[in-house]
Amino acid sequence: MPSIDETKPFVPLNIAVLTVSDTRSLEEDKSGATLSERLTVAGHKLGAREIVIDDVEAIRTLMKRWIADPGIDVIITTGGTGFTGRDVTPEAVEPLFDKRMDGFSIAFHMLSHAKIGTSTIQSRATAGTAGSTFIFCLPGSPGACRDGWDGILAHQLDYRTRPCNFVEIMPRLDEHLRRPKAKGASA
């Protein structure tokens, strides 16, 4: 189990929350509210919060804007990870990943299975990195958001978590974009 190294300082991150829904307004968005509340109680900053419709281009446009924003460290989406015709969050987001984080989906499904059994297979929770931004896509239920935050993200987005965490590697996420080409390397 992870442990907290109390000798290290907490490092607050700027986290954007995106709810993907055709039916919710900001006032009715319990999942986005759950994530926003949990991340701020943990000491992080809510960098942005929006709702977009279940549309690949609408999702992708906002995600690209947040990925390019140096003030956003992490993006968490909620909704659109199921199998209905309108569930398109993975299709919108995964092409933006520089690196896919398969372990997140596995860990999420393990946590979820303990609570809802085999119904967990109805989610396509996914995660990855784009540039220097971590992206996590959770299902649209408040319970799934609680499970994802409490069981995985609260630990991995805390610099004090041992044996390792995402915060400590953040400065190196985009090193492949900054690395000069070796002499003689082709373009």
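Under an unreviewed UniProt entry, the name given to the protein is Molybdenum cofactor biosynthesis protein B, and the organism recorded is Nitrobacter vulgaris. Under the heading Sequence similarities (unreviewed entry), UniProt records this for the protein: "Belongs to the MoaB/Mog family." Under Function (unreviewed entry), UniProt gives the following word-for-word description of the protein: "May be involved in the biosynthesis of molybdopterin."

K.L.:
So what's going on with the side chain of Arg60? Which residues, and what values?
P.N.:
Following the sequence through the fold, Arg60 ends up in helix α2 (residues 56-68). With a relative accessible area of 17%, Arg60 lands in the buried category. Separated by 2.9 Å, the side chain of Arg60 and the backbone oxygen of Ala92 make a polar contact. Once you skip the residues sitting within four places of it in the chain, Arg60 turns out to touch Glu91, Ala92, Pro95 and Leu96.

K.L.:
Give me helix α5 (residues 142-156): which residues, what numbers.
P.N.:
Here α5 contains 15 residues, and its C-alpha end-to-end distance of 20 Å stays within 8% of the 21 Å for a straight helix at 1.5 Å per residue. Among the residues of α5, those classed as buried are Ala144, Cys145, Asp147, Gly148, Trp149, Ile152, Leu153 and Gln156.

K.L.:
Please give an account of the side chain of Thr126 that cites residues and values.
P.N.:
Examined against the element boundaries, Thr126 turns out to sit in strand β6 (residues 126-130). Separated by 2.7 Å, the side chains of Thr126 and Glu94 make a polar contact. Dropping the residues within four chain positions of it, Thr126 is found in contact with Pro90, Glu94, Phe97, Arg100, Phe104, Ile135, Phe136 and Cys137.

K.L.:
An account of the UniProt feature "domain: MoaB/Mog" (unreviewed entry) in the protein is needed here, citing residue identities and associated values.
P.N.:
With numbering matched to this structure, UniProt assigns "domain: MoaB/Mog" (unreviewed entry) to residues 16-160. In residues 16-160, helix accounts for 41% and strand for 21%; the two terminal C-alpha atoms are 21 Å from one another.

K.L.:
How would you sum up the packing of helix α1 (residues 30-41) against α5? Please name residues and give values.
P.N.:
In the contact formed by α1 and α5, the axes pass within 8 Å of each other and the chain directions differ by 25°. The orientation of α1 with respect to α5, classified from their angle, is roughly parallel. The crossing of α1 and α5 is right-handed. From α1, Lys30, Ser31, Thr34, Leu35, Arg38 and Leu39 reach across to α5, where they touch Pro142, Cys145, Arg146, Trp149 and Asp150. Residue composition of the contact of α1 with α5, grouped by class: five nonpolar, two polar and four charged.

Quick notes on the rules
The residue numbering used here restarts from 1 in each chain and proceeds along that chain's sequence as written. Selection of residues for local features in this predicted model requires a pLDDT of at least 70, selection of side-chain atom pairs for listing and counting requires 80 or more, and totals for whole chains, interfaces and linings are taken over all residues. Note that the side-chain values use all heavy atoms of the structure and ignore hydrogens as well as water. UniProt positions are given in the numbering used here, feature names are shortened, and annotations may be inferred rather than shown by experiment. Elements are defined by DSSP. Helices are runs of H or I of four residues or more, strands are runs of E of two residues or more, and each kind is numbered from the N terminus. Each residue gets one of three labels from its accessible area relative to the maximum for its type: buried under 20%, exposed over 50%, partly exposed in between, using a 1.4 Å probe on protein chains only. As used in this structure description, the phrase polar contact means that two N or O atoms lie within 3.5 Å; if the pair is within protein, one of them must be able to donate a hydrogen and the other to accept it, and residues adjacent in sequence are counted only when both atoms belong to side chains. Contact between two residues is taken to exist if any of their heavy atoms lie within 4.5 Å; hydrogens are not considered. Expected helix span is computed as 1.5 Å times (number of residues minus one). Note on definitions: angles span 0 to 180 degrees between N-to-C directions of axes, and those axes are lines fitted to C-alpha atoms, for helices only across the stretch in contact. Between 65 and 115 degrees an angle is taken as roughly perpendicular, under 35 as roughly parallel, over 145 as roughly antiparallel, and anywhere else as oblique. Crossing handedness is read from the near helix: turned anticlockwise from the far helix by less than a right angle, it gives a left-handed crossing, and turned clockwise, a right-handed one. By the convention adopted, Pro, Cys, Tyr, Trp, Phe, Met, Ile, Leu, Val and Ala count as nonpolar, Lys, Arg, Asp and Glu as charged, and the other residues, Gly among them, as polar.

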